[in-house]
Amino acid sequence: MQDKYSEIHRFLQNAHVRLVAVSKTKPVESIRQLYDKGQRDFGENKVQELTEKAAQLPADMQWHMIGHLQKNKVKYIAPFIHMIHSVDSMALLAEINKQAMKHKRIISCLLQMHIAKEETKFGMNAAELFALLQDDNYKAMQNIQVAGLMGMATLTDNLETIRSEFRGLHQLFKTVQSTYFADKPQFKEISMGMSSDYIIAVEEGATIVRIGSLIFGERNV
Ligand SMILES: *Cc1c(COP(=O)(O)O)cnc(C)c1O
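Since the model is a prediction, treat every value here as computed from it, not as a measurement.

Looking now at the site of the ligand. Every residue lining the ligand is accounted for by V22, K24, I66, M152, M194, S195, R210, I211, G212, S213 and R219. Here an oxygen atom of the ligand and a side-chain polar atom of S195 are 2.5 Å apart. One of the side-chain N or O atoms of R210 is found 2.9 Å from a nitrogen atom in the ligand. About the coverage of the ligand: the protein hides 91% of its 380 Å² of free accessible area. Judged by its atoms lying within 2 Å of the grid points, the ligand is housed in the largest pocket. Of the residues belonging to the shell around the ligand, the class tally is five nonpolar, three polar and three charged.

Right, here's the structure in full:
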């Protein structure tokens with residue numbers, strides 16, 4: 001585990017890409033081992049697991065919520081979450097804004113786009129994204145900061161499919177950046193790439209990759 005982490009870390013550092021270590025299902029001891037090597041960004045996909053682990057680990061860890069998030073659970077992570085990658089509706093964004101306000105925080109959010117062929121994956125399409133960014137309710141939100149886009153490629157062995165999906169997300173990112181965030185450097189992140197496809201993601205312009213099993217070992221779920 002350790003050597004793989006160092007190798008990935010070095011590769012990503014050279015590419016100026018941030019690593020979110022996805023620790024879901026893994027024990028706090030494994031997370032602490034990585035923390036001791038200097039890793040600070042960790043990702044979880046379930047609110048309860050995330051809050052339980054965060055309570056047992058150092059306060060300077062940066063927690064990323066990467067899984068589907070229900071509105072009624074935002075309040076549990078609002079006090080401390082570093083970034084939410086999985087925002088896929090106006091209603092969810094509004095709830096994050098409301099809970100962030102209670103804690104006098106500004107929470108960084110990524111808008112999750114549906115780029116895969118599978119029906120089951122969450123995320124918005126481009127029309128929904130544009131509608132959100134033009135919405136007056138969104139423009140009035142003071143306690144969220146839209147920092148970029150997130151996407152998950154189709155689960156397939158076809159590398160060209162994966163590459164074209166990542167390339168499409170990067171293209172969309174550039175369009176959105178120049179249209180809605182021209183004078184706002186906050187919009188700068190593209191979160192894409194996991195254990196099986198992170199090298200392609202980096203080649204296609206990812207600024208954040210989310211890697212779990214390659215670092216921590218396979219999950220038995
Ligand atoms: C689990 C998960 C990952 C990491 O997956 P690995 O294949 O273990 O690297 C990345 N992103 C999301 C949204 C996940 O749920």
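Turning next to unusual backbone geometry. At H16, a residue that is not glycine, the phi angle is positive and equals roughly 60°. As for its position among the elements, H16 is in the loop between α1 (2-14) and β1 (18-22). Residue classification places H16 among the exposed positions, given a relative accessible area of 72%. You will see that K104, though not glycine, has its phi angle at about 55°, which is positive. Structurally, K104 can be placed in the loop between α5 (90-102) and β5 (107-113).

What follows is about the packing of helix α6 (residues 126-134) against helix α8 (residues 159-180). At their nearest, the axes of α6 and α8 sit 12 Å apart, and the two run at 20° to each other. The orientation of α6 with respect to α8, classified from their angle, is roughly parallel. The interaxial crossing formed by α6 with α8 has right-handed handedness. Contact residues: A126, L129, F130, L133 and Q134 in α6; L172, V176 and Y180 in α8. When grouped by side-chain class, the residues that make up the contact of α6 with α8 number seven nonpolar, one polar and no charged.

With that settled, consider the pairing of strand β6 (residues 144-151). The buried count for β6 comes to seven of eight residues, which makes it a mostly enclosed element. Taken together, the seven bridges between β5 and β6 define a ladder with parallel strand orientation. Looking at β6, one finds that C109 is bridged to V146. Both β6 and strand β7 (residues 189-191) contribute to a ladder of three bridges, which runs parallel. Among the inter-strand pairings, M150 is bridged to a residue of β7, identified as S191. Since β6 and β7 lie parallel, the crossover through α8 that links them has a hand, and here it is right-handed.

Thresholds applied
- Residues numbered from 1 in each chain as written.
- Predicted model: local features only at pLDDT ≥ 70, side-chain atom pairs only at ≥ 80, totals over all residues.
- Heavy atoms only, no water.
- Near = heavy atom within 4 Å.
- Polar contact = N/O pair within 3.5 Å; in protein donor to acceptor, adjacent residues only side chain to side chain.
- Areas by Shrake-Rupley, 256 points an atom, 1.4 Å probe, with all protein chains shown as cover.
- 1 Å grid on protein atoms, 1.4 Å probe; cavity = no way out; pocket = protein on both sides within 12 Å on 5 of 7 lines; lining within 4 Å.
- Sits in = over half its atoms within 2 Å of the grid points.
- Nonpolar A, V, L, I, M, F, W, Y, C, P; charged D, E, K, R; others polar.
- Helix = DSSP H or I, 4+ residues; strand = E, 2+ residues; numbered from the N terminus.
- Buried < 20%, exposed > 50% of the residue type's maximum accessible area, 1.4 Å probe, protein only.
- Axes fitted to C-alpha atoms, helices over the stretch in contact; angles between N-to-C directions.
- Parallel < 35°, antiparallel > 145°, perpendicular 65-115°, else oblique.
- Left-handed = near helix turned anticlockwise from the far one by under 90°.
- Contact = heavy atoms within 4.5 Å.
- Pairing = 2+ DSSP bridges.
- Right-handed = clockwise from strand over helix to strand, strands pointing away.

These figures capture arrangement, not role.
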